[in-house]
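Secondary and tertiary structure notes
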Amino acid sequence: MDVNLLDIDRSGLDLETLKLTIEFHLQDLNELQEAINGKGKRRAGETTDLETAIAAYEAELASVNQRLADRAMCASIVDAVRQDASAIAEMMQAEEQARQDRQMACSLGGVPQPQARPTSPTFSMVTEPLEEDFIDKLSAIYISNPVGNGVAESSSWAASRSRSATLGTGPNTSVMRECVICTNSFRFYEVATFPCEHHMCKGCLVELFTRLLTDRTLFPPRCCREPIALDKARFLLGPKLVGRYLAKKLEYETENPTYCFQPTCSQFIPPLVIHNNVGMCVKCHLRTCALCKSQAHVGMDCPQDNSTQDVLEMAEREGWKRCYSCHRMVELGTGCNHITCLCGAEFCYVCGERWQTPKACPCELFSEQALMAQAHRHVNRDANGARLPVRERQARVQAAAQYLLQNHECVHNGRWTSRRGRHQCEECRDWLPEFIYECQQCRVLACRRCRFNRL
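The text that follows walks through the structure, step by step, so that each part is easy to find. Worth saying up front: this structure is predicted, and the values here are computed from it rather than measured. (Residues numbered from 1 in each chain as written. Predicted model: local features only at pLDDT ≥ 70, side-chain atom pairs only at ≥ 80, totals over all residues. Heavy atoms only, no water.)

Attention now goes to the environment of Met200. Relative to the elements of secondary structure, Met200 occurs in strand β4 (residues 199–201). Considering only alpha carbons, one finds Met200 and Cys223, 23 residues apart in sequence, at a separation of 9.4 Å. When near neighbours in sequence (up to four residues on either side) are disregarded, Met200 contacts Cys179, Val180, Ile181, Glu190, Val191, Ala192, Phe194, Leu205, Leu208, Leu236 and Asn453. (Helix = DSSP H or I, 4+ residues; strand = E, 2+ residues; numbered from the N terminus. Contact = heavy atoms within 4.5 Å.)

In structure tokens, the structure reads:
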């Protein structure tokens, strides 16, 4: 009765021996219970402390037994994924190719084509190669129950699985990995790994996905300009955040989205619930016109939308410009006239046309005022830049302006240096107390998160 359940779970025994050990313990408990029942009489419903302890111990043994069975099932699934995934993917790809060949043959022969069968999400999921590193992470979390999640895996338990499914056999699985954002080190199964070969811990990954729910510029989630696949990050995010992300993804990817006309609601209305240009709000159940975005007009044509006209008049007075694609209003604070909208459309802030479309946008890249203001800011960053003699400062400002004209179009391809001191990120506007990154081509200032996740 003094056997520790945790010791049973990691005692170094193989799976079958562990199961047999638990079975012996259960038999001993049954014999003890029968011995107790044969001793004397008691009042109906009365339970002794010993019987309560036996029942609790029996329940814990059953729990350990179930955990071992679950681990065995997970290990079997891992083996199947490792051994069969490639073969299944090849078979499904061959089937898809045969289907496309049949459609092509029907088209060339004038035979009516059968209705195309949409490719299922399962097909896409199976045909995408599963990285060994990613499988090792899932194995560590769901099979090994590693340190930090409860129980450490014993060497005998690892040996009881097939060699291909044993953790630690892959390259560098035991090496601590550094999070690209917080720069702390974590075990390999505590980080997500991206195509750029950077790693991100759970805390930083959750913060990125949480921020993009309210910040369109962070969508799609990315590192070093490479999109972050949800399947490679899902195991660290949790189902609730994944659900919120998928809902927001639908909103961001919807062209000309419709929102509830009620200002106190403003809920996004998915295209699925918009019929005949009228959308039903899933939150307050009011109806919104998908054309003018105001309250639905039952039995009549869409009238002039006065509220939109008021906004357009204000934009005209303030000098704002409207995106030709998604119709968002944009205000230029600093920088050039080349605007990249949140929807990805590029247009000119002066004329509102597509950026430098022949015969439509002859506008200059910078206005003189904006160019010189940005050049002054760049000079002020340097030591004693604000206190230079007038002539020397004017020369530096002119040089900075010329540099901006030549290097303003930038893809931030890794040429970053750090600038010490307190600075404000020009992307998210957060203040950094100790240092900030500066792109050596366009000289934009960016925090670590914006450098890797936004630019």
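For the coordinates displayed, the defined rule picks out six aromatic pairs. Where Phe209 meets Tyr245, the ring centres are 5.0 Å apart and the plane angle is 65 degrees; that geometry is what we call edge-to-face. Here the residue Phe209 occupies a position in helix α7 (residues 202–211), and Tyr245 occupies one in helix α9 (residues 239–253), the gap between them amounting to 36 residues. Relative accessible area serves as the criterion here: at 1%, Phe209 is assigned to the buried category. The class for Tyr245 is buried, based on a relative accessible area of 5%. Through pairs of rings, three or more aromatic residues link up here, namely Phe209, Phe219, Tyr245 and Tyr252. Its end group placed over the ring of Trp431, Arg422 keeps NZ or CZ at 4.4 Å from the ring centre. (Phe/Tyr/Trp six-rings, centres within 6.5 Å; stacked < 30°, edge-to-face > 60°. Buried < 20%, exposed > 50% of the residue type's maximum accessible area, 1.4 Å probe, protein only. Lys NZ or Arg CZ within 6 Å of the ring centre and 35° of its normal.)

A word on the layout of surface pockets. Looking at the largest pocket, its volume works out to about 1,900 Å³. Around the largest pocket, the lining comprises 42 residues; the ones closest to its centre are Thr340, Glu426, Glu427, Val444 and Leu455. Of all the secondary-structure elements, those providing two or more residues to the lining of the largest pocket are β14 (338–340), α11 (368–381) and β17 (423–424). Split by residue class, the lining of the largest pocket holds 15 nonpolar, 14 polar and 13 charged. (1 Å grid on protein atoms, 1.4 Å probe; cavity = no way out; pocket = protein on both sides within 12 Å on 5 of 7 lines; lining within 4 Å. Points joined across faces, edges and corners; volume = space filled by probe spheres on them. Nonpolar A, V, L, I, M, F, W, Y, C, P; charged D, E, K, R; others polar.)

Once that is clear, we can look at empty space enclosed by the protein. Counted according to the given criterion, the structure contains two cavities of 30 Å³ or more. A volume near 50 Å³ is recorded for the largest cavity. Along the walls of the largest cavity sit Leu208, Arg211, Leu218, Cys428, Cys447, Arg449, Cys450, Asn453 and Arg454, which together make up its complete lining. At the level of secondary structure, the elements contributing two or more residues to the lining of the largest cavity comprise α7 and α13 (448–453). Sort the elements by how many residues they give to the lining of the largest cavity and α13 lands first, with three residues. Its residues placed into classes, the lining of the largest cavity shows five nonpolar, one polar and three charged.

Let's shift gears to the sheet that holds strand β9 (residues 274–275). Strand order in this open sheet of three strands is β9-β10-β11, and the pairing throughout is antiparallel. In this open sheet, the two edge strands, each paired with only one partner strand, are β9 and β11 (287–289). Sheet topology places β9 next to strand β10 (residues 278–280); two bridges connect them, and they run antiparallel. Pairing of Ile274 across the sheet is with Gly279, part of β10. (Pairing = 2+ DSSP bridges.)

Time to look at the side chain of Gln374. Tracing the backbone through its elements, the reader meets Gln374 in helix α11. Residues contacting Gln374, with those up to four places away along its chain left out, are Thr334 and Leu404.

Ile181, Phe194, Met200, Leu205, Phe209, Leu212 and Leu237 are the most contacted members of the largest nonpolar core, which totals 28 residues. Those elements that place two or more of their residues in this core are β3 (191–193), β4, α7, α8 (230–237) and α9. Counting residues per element, this core draws most heavily on α8, at five residues. Apart from the residues within four sequence positions on either side, Leu205 is in contact with Ala192, Phe194, Met200, Ala233, Leu236 and Leu237. Listed in part, the 16 residues of the second largest apolar core include Cys361, Phe366, Met372 and Val379. (Core = buried A, V, L, I, M, F, W, Y, C linked by side-chain atoms within 4.5 Å.)

Quick look at unusual backbone geometry now. The phi torsion of most residues other than glycine is negative, and most of the peptide bonds are trans. Residue Pro220 follows Phe219 across a cis peptide bond; omega there is -5 degrees. Turning to its location among the elements, Pro220 is positioned in the loop between α7 and β5 (222–223). Even without being glycine, Cys224 reaches a positive phi, approximately 55 degrees. Looking at where Cys224 falls in the secondary structure, it is placed in the loop between β5 and β6 (226–227). Phi is positive for Arg429, close to 70 degrees, though the residue is something other than glycine. Mapped onto the secondary structure, Arg429 falls in the loop between β17 and β18 (431–432). Taking the relative accessible area as the measure of exposure, Arg429 reaches 46% and is therefore partly exposed.

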